[in-house]
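The chain contents come next:
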Amino acid sequence: MSEIKPYRVLSLDGGGIRGLYTASLLHQLSLRFSRLEGRTYTGALDLGAKFDLIVGTSTGSILAMALAAGVPLEQVVGMYRTEGSKIFTKQMPLQHGCLSDKVRGWLWTALRVKSPANQSLPLRLALEKVLGDENFDDLYKRRKIAVCIPTINAETQRAWVFKTAHGPRLTRDNNYKLVDACMASAAAPVYFPLHGVKSPEPGVNATTWFVDGGLWANDPVLIGLAEALEFAPTDRPIHVLSVGTGGAPKSKPISQAESKRGVLGWKGGAEIVGMSLEAQASVVPYLASRFAKSMGGRVTMHRLLDPIPGTEEAGYLALDAAGEKSLNLLEAMAQRATDLNYSALTTGKVDEATSRAVRDMFSNL
């Protein structure tokens, strides 16, 4: 009797330009495991086709849509490389702790009082090159891969998750464009404007305004788990792979004077966004693992390991740090992460059942 095929879920964190790290890590792991199988790499590897459900927030939504649509990861890596500085045109000055950096940061904040740092058009143009004009209905009919993209309805202040029609009741988002869902999920406050989407329903003129889904689901693995438990056939085990964006440690001493920070101290709100994203990355994987363990063995969950950047390197890993040195560092960190995870998954550092589940996700690409 053949083994029951698992219901596979891929969860992709948000993190701005650090999506380059995630895309490069997944690409390099795909190549590494292909070589382990004795396969010669001859073209683009369709990693997305290995999953039944892909969830992604903010920059993770871009990766999720690309993988679900069958876009080669090489093309996604190239998009971050070539378009990053066009998307993040007014980058926050890198912070290394010196006074001059702080002053430049305060000036950047002062200039953000009336408008966000970046415009939306460069991001839209970059996404259209990768995702085209496809909508959710077309994507699901073509690929049969379920997708969930968290964002927030800015007017109602309630969570909104764009979904393919992978269940009979899920028809609301059929006609929304993939590009608009990504822009809605990535509309980070201070960095980008709110993203307005006119209803795609015929004869409906209402526009909905969205803001970054990372404010509530930067690590969307719980969404993926909940969706899998509802829609996966009951006889199939659920295997979940969660991938971060290589976030830098943010620990730093705070003086009594700094504890009374105002708008400038919070960089106009930019540091609030960053803190929210990093805090979720530190706790959500733990919560998800506890839920998974309570499922009586049906759910296998694994989060890829992130290398710890050096103290100086951490200063180059801001959400909008799209300079050449930052981009080079992100790809270097992805290579470190590839070595770290390949070793863990092939030398017994990860339990055999979990290792086999993750390795199967990268097999026969």
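Predicted model only: the values in this text are computed from it and were never measured.

Engineer: Looking at this structure, I do not really get the side chain of Glu-134. What am I missing?
Structural biologist: For Glu-134, the location among the structural elements is in the loop between helix H5 (121-131) and helix H6 (136-143). Within the local environment of Glu-134, its side chain forms a polar contact with the side chain of Arg-142, the two groups lying 2.9 Å apart. Here Glu-134 is in contact with Ala-69, Leu-139, Arg-142, Lys-177 and Leu-178, once residues within four sequence places are set aside.

Engineer: Explain the pairing of strand S1 (residues 7-12) here, please?
Structural biologist: Consecutive residues of a regular strand have side chains that alternate between opposite faces of the sheet. Counting buried residues along S1, 6 of its 6 residues qualify, which places the element largely inside the surrounding structure. Residues Tyr-7, Val-9 and Ser-11 line one face of S1 and the alternating positions Arg-8, Leu-10 and Leu-12 line the opposite face, and both faces are buried. Direction of pairing for S1 relative to strand S7 (residues 238-243): parallel, over a ladder of 6 bridges. Counted as the bridge partner of Leu-10 is Leu-241 from S7. Relative to strand S2 (residues 53-56), S1 is paired through 4 bridges, and the arrangement is parallel. Residue Leu-12 lies in a different strand from S2, and its bridge partner there is Gly-56.

Engineer: Help me understand the packing of H5 against helix H7 (residues 178-185), please; the structure alone is not making it clear to me.
Structural biologist: When two helices pack together, their arrangement is given by the angle between the helix axes and the distance between those axes. Relative to each other, H5 and H7 sit at 140 degrees, their axes nearing to 9 Å. Between H5 and H7, the crossing angle belongs to the class labelled oblique. Helix-helix and strand crossings are classified by hand; for H5 and H7 the assignment is right-handed. On H7, the residues that touch Leu-123, Arg-124, Leu-127, Glu-128 and Leu-131 of H5 are Leu-178, Val-179, Asp-180, Cys-182 and Met-183. When the residues that make up the contact of H5 with H7 are grouped by side-chain class, the tally is 7 nonpolar, no polar and 3 charged.

Engineer: Could you clarify how one ought to interpret helix H3 (residues 73-87) in this entry?
Structural biologist: Residue pairs spaced three or four apart in an α-helix point in one direction, given the helix's 3.6 residues per turn. Arg-81 marks where H3 bends most, by close to 35 degrees. Of all the residues in H3, the buried ones are Leu-73, Val-76, Val-77, Met-79, Tyr-80, Glu-83, Gly-84 and Ile-87. The inward-facing, buried residues of H3 contact helix H1 (19-36), helix H2 (59-69), H5 and helix H12 (324-346).

Engineer: It is not clear to me how the packing of aromatic side chains should be interpreted in this structure. Could you clarify?
Structural biologist: Between two aromatic rings, the relevant description is the distance of the centres plus the angle of the planes. Following the criterion strictly, the structure yields 9 aromatic pairs and no others. Aromatic pair Phe-33 and Phe-362: ring centres 5.6 Å apart, planes at 25 degrees, arrangement stacked. With Phe-33 in helix H1 and Phe-362 in the segment after helix H13 (352-361), the pair connects residues that are 329 residues apart, well separated along the chain. Its relative accessible area of 3% is what places Phe-33 among the buried residues. Here Phe-162 and Phe-210 contribute two aromatic rings whose centre-to-centre distance is 5.3 Å and whose plane-to-plane angle is 50 degrees, an arrangement assigned as tilted. On the criterion of sequence distance, the pair formed by Phe-162 in strand S4 (residues 158-163) and Phe-210 in strand S6 (residues 207-212) is long-range, its members being 48 residues apart. In terms of burial, Phe-162 and Phe-210 fall into one category: buried. The ring of Tyr-342 carries the charged tip of Arg-32 above its face, separated from the ring centre by 5.3 Å. Sitting over the face of the ring of Trp-160, Arg-172 holds its NZ or CZ atom 3.9 Å from the ring centroid.

The rules we used
Residues numbered from 1 in each chain as written. Predicted model: local features only at pLDDT ≥ 70, side-chain atom pairs only at ≥ 80, totals over all residues. Heavy atoms only, no water. Helix = DSSP H or I, 4+ residues; strand = E, 2+ residues; numbered from the N terminus. Polar contact = N/O pair within 3.5 Å; in protein donor to acceptor, adjacent residues only side chain to side chain. Contact = heavy atoms within 4.5 Å. Buried < 20%, exposed > 50% of the residue type's maximum accessible area, 1.4 Å probe, protein only. Pairing = 2+ DSSP bridges. Axes fitted to C-alpha atoms, helices over the stretch in contact; angles between N-to-C directions. Parallel < 35°, antiparallel > 145°, perpendicular 65-115°, else oblique. Left-handed = near helix turned anticlockwise from the far one by under 90°. Nonpolar A, V, L, I, M, F, W, Y, C, P; charged D, E, K, R; others polar. Bend = angle between axes of the 7 residues up to and from the residue. Phe/Tyr/Trp six-rings, centres within 6.5 Å; stacked < 30°, edge-to-face > 60°. Lys NZ or Arg CZ within 6 Å of the ring centre and 35° of its normal.

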